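Results of the structural survey
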Amino acid sequence: MAWLKAVFIYGHPDSILVPVVMWSTFVLSTAFALLFRKVAWEAAGFWAAFSVFVFVSVVLTVFNGVRSTAPIGGMFMIAYVSIVAFPTAGIVRLLMRLVRSILASRTNTT
C-alpha cells in the first residue's frame, strides 16, 4: 500500500506521479501500436493517452478527492501523456514497417 501512497497521494514526499504516468503511457502506447496493427498509429497513440489519462484521473480522485487533478492540472496531464503517446506509437509503427521490409527483402533474395 505504500507504493500507492507514493504515487497517488499529493504532498507525499516520495511522490513519483509524473514518471509513473509517463512510463505507463509509453508501455500502453507500445502495446497498442503492436497489438492493433489495423488501426492508424495516431489512433493507437490517442487511445493509449486517453486510457492512461482516465485511469490516473480516476485513481487520483479516489485517493485525493474530487479536486484531485487541480494541482497538476488536467490539461497539463493530457499534454504529458500526448508528448509520450504519439511519438511512441509513431516510432513503433515505423520500426514495424522497417522490420517487415527487411524481412520481405530477405525472403525475396533467397
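The rules behind each value
- Residues numbered from 1 in each chain as written.
- Predicted model: local features only at pLDDT ≥ 70, side-chain atom pairs only at ≥ 80, totals over all residues.
- Heavy atoms only, no water.
- Helix = DSSP H or I, 4+ residues; strand = E, 2+ residues; numbered from the N terminus.
- Expected span 1.5 Å × (residues − 1).
- Buried < 20%, exposed > 50% of the residue type's maximum accessible area, 1.4 Å probe, protein only.
- Phe/Tyr/Trp six-rings, centres within 6.5 Å; stacked < 30°, edge-to-face > 60°.

1. What to know about helix α3 (residues 41-64)
Helix length check: α3, at 24 residues, gives a terminal C-alpha distance of 34 Å against a target of 34 Å (1.5 Å per residue), a fit within 8%. Taken together, the buried positions of α3 are occupied by Ala 44, Gly 45, Ala 48, Ala 49, Val 52, Val 56, Ser 57, Val 59 and Leu 60. Residue Gly 65 follows α3 closely and has a positive phi angle near 100°.

2. A word on the packing of aromatic side chains
By the definition in use, this model includes five aromatic pairs. Their ring planes at 75° and their centres at 5.2 Å tell us that Phe 46 and Trp 47 sit as a pair that is edge-to-face. Joined through ring pairs, the aromatic side chains of Phe 46, Trp 47 and Phe 50 make up one cluster.

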